[in-house]
Amino acid sequence: MPTVVTGAFLAGLIAGYGVAIPVGAIAVLILGLAARTSFRVGASAALGVATADGIYAGVAAFGGAVVAGWLAPLATPLRLVAAGVLVGLAGYGVWRALRPRGRTRAVGGPATRRGLETPIRAFAGIGALTLLNPATVVYFTALVLGRVELGGSGVALAALFTLGVFLASASWQLLIAAGGTMIGRVLTSDRGRLVTALLSSAIIAALAVATLIGR
């Protein structure tokens, strides 16, 4: 039994790193947020992603193929919504990079922050964007059906699998947030922040196109 339990947890860790490590729009968003704000905001976004991955892993582990089949007809609408959100975020990034910085500071300072630049908004916004990806639940479902037996003590195994996914995703996304914070400390000039903001927006826009065509 201990071997089975360990195997379920390790399977979750591997699955979590498998879905988290490839660099995509979410990683770019976390990196950019941490670079232009703080590690606290970047870490909140990172935990939002990990929570979303954990939710999908749990849904897949407990629901299996039934949930994947239910989501299949919604794949296209969800892809369109995700692409629209990415385009909006890219546009917001360009607008924020180009607007006068002095004018921004004059209007109430931190109390008037918008977008994803507070911990709560970063957690909720990036987490919600991650949940819009139907491919994630299909990915986890395939792993669960192929590698984890959910009979007998399946509830405990599913919980361990989900915990492994969450911890793996959280550790990787927090590493990205830390990297973004270090980059932000190096690129402290207005020019550096403008360049990185525009580059980030361009990458996010390109990934939105990739989302529309199904990658």
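Because the structure is predicted, anything quoted here is derived from the model rather than measured.

A tally of helices and strands in the protein chain yields ten helices and zero strands. When the helices and strands of the protein chain are listed from N to C terminus, the series reads α-α-α-α-α-α-α-α-α-α. Sorting the 215 residues of the protein chain into buried and exposed places 40% on the buried side. When the accessible surface of the protein chain is totalled, it reaches about 11,200 Å², and 71% of it is carbon and sulfur.

Residues annotated by UniProt as "transmembrane region" (unreviewed entry) correspond here to residues 6–33, 45–72, 78–95, 122–145, 157–182 and 194–213. Taken end to end, residues 157–182 is 100% helix and 0% strand, and its first and last C-alpha atoms sit 38 Å apart.

A separate point is a nonpolar patch on the surface. Taken together, the side chains of Leu-80, Val-209, Leu-212 and Ile-213 make up a nonpolar region of the molecular surface, amounting to roughly 410 Å² of accessible area. Within the secondary structure, Leu-212 is located in helix α10 (residues 190–212).

Ile-26, Ile-30, Leu-33 and Ile-126 are the most contacted members of the largest nonpolar core, which totals 23 residues. Among the elements of the structure, α2 (25–36), α3 (39–63), α5 (75–98), α7 (119–131), α9 (154–186) and α10 are those that each provide at least two residues to this core. It is α2 that provides the largest number of residues to this core, a total of eight residues. With near-sequence residues (within four places) excluded, Leu-33 lies in contact with Ser-38, Val-41, Ala-45, Leu-116, Glu-117, Ala-122 and Ile-126. Tyr-56, Ala-57, Phe-161 and Val-165 belong to the second-largest nonpolar core, a separate cluster that totals ten residues.

A few words now on α2. The terminal C-alpha atoms of α2 lie 17 Å apart, and with twelve residues this matches the ideal 16 Å at 1.5 Å per residue to within 8%. Judged by how many residues are buried, α2 sits mostly within the fold: ten of twelve residues are covered.

Right, let's get into the confidence of the model for the protein chain. Mean pLDDT over the protein chain works out to 75, with 68% of the residues at or above the 70 mark. Per-residue pLDDT stays below 50 along residues 103–113; that stretch engages in four contacts with residues further than four places along the chain or on separate chains. Confidence drops under pLDDT 50 across residues 147–153; counting only partners more than four residues distant or on other chains, this segment forms eight contacts.

Bringing the environment of Gly-7 into the picture now. Looking at where Gly-7 falls in the secondary structure, it is placed in helix α1 (residues 2–20). For the pair formed by Gly-7 and Leu-160, sequence separation is 153 residues and the distance between their alpha carbons is 9.2 Å.

Moving on, we come to the environment of Ala-50. Examined against the element boundaries, Ala-50 turns out to sit in helix α3. Using a relative accessible area of 0% as the deciding quantity, one classes Ala-50 as buried. Residues Ala-50 and Val-165 lie 115 residues apart in sequence; the distance between their C-alpha atoms is 7.9 Å. When near neighbours in sequence (up to four residues on either side) are disregarded, Ala-50 contacts Phe-166, Ser-169 and Ala-170.

All right, on to the pattern of salt bridges then. Within the structure shown, the criterion is met by one salt bridge. One salt bridge in this structure joins Glu-117 and Arg-36, with 3.1 Å as the shortest N-O distance. Here Glu-117, found in the loop between α6 (101–106) and α7, pairs with Arg-36, found in helix α2; they are 81 residues apart in sequence, far enough to count as distant. Glu-117 gets classed as buried once you look at its relative accessible area, which sits at 7%. Residue Arg-36 is classed as partly exposed on the basis of its relative accessible area of 29%.

Close contact between α3 and α7 brings their axes to 7 Å; oriented N to C, the two are set at 35°. Of the two possible hands of crossing, α3 and α7 adopt the one that is right-handed. Counting all contacts with α3, which are made through Arg-40, Val-41, Ser-44, Ala-45, Leu-47, Gly-48, Val-49, Thr-51, Ala-52, Asp-53, Ile-55 and Tyr-56, the residues of α7 involved are Pro-119, Ala-122, Phe-123, Ile-126, Gly-127, Thr-130 and Leu-131. Of the residues assigned to the contact of α3 with α7, the class counts are twelve nonpolar, five polar and two charged.

Parameters and conventions
- Residues numbered from 1 in each chain as written.
- Predicted model: local features only at pLDDT ≥ 70, side-chain atom pairs only at ≥ 80, totals over all residues.
- Heavy atoms only, no water.
- Helix = DSSP H or I, 4+ residues; strand = E, 2+ residues; numbered from the N terminus.
- Buried < 20%, exposed > 50% of the residue type's maximum accessible area, 1.4 Å probe, protein only.
- Areas by Shrake-Rupley, 256 points an atom, 1.4 Å probe, with all protein chains shown as cover.
- UniProt positions renumbered as here; feature names shortened; annotations may be inferred.
- Patch = residues over 30% accessible without salt bridge, like charges linked within 9 Å, V, L, I, M, F, W, Y side chains within 5 Å.
- Salt bridge = Lys/Arg side-chain N within 4 Å of Asp/Glu carboxyl O.
- Core = buried A, V, L, I, M, F, W, Y, C linked by side-chain atoms within 4.5 Å.
- Contact = heavy atoms within 4.5 Å.
- Expected span 1.5 Å × (residues − 1).
- pLDDT = per-residue confidence, 0-100.
- Axes fitted to C-alpha atoms, helices over the stretch in contact; angles between N-to-C directions.
- Left-handed = near helix turned anticlockwise from the far one by under 90°.
- Nonpolar A, V, L, I, M, F, W, Y, C, P; charged D, E, K, R; others polar.

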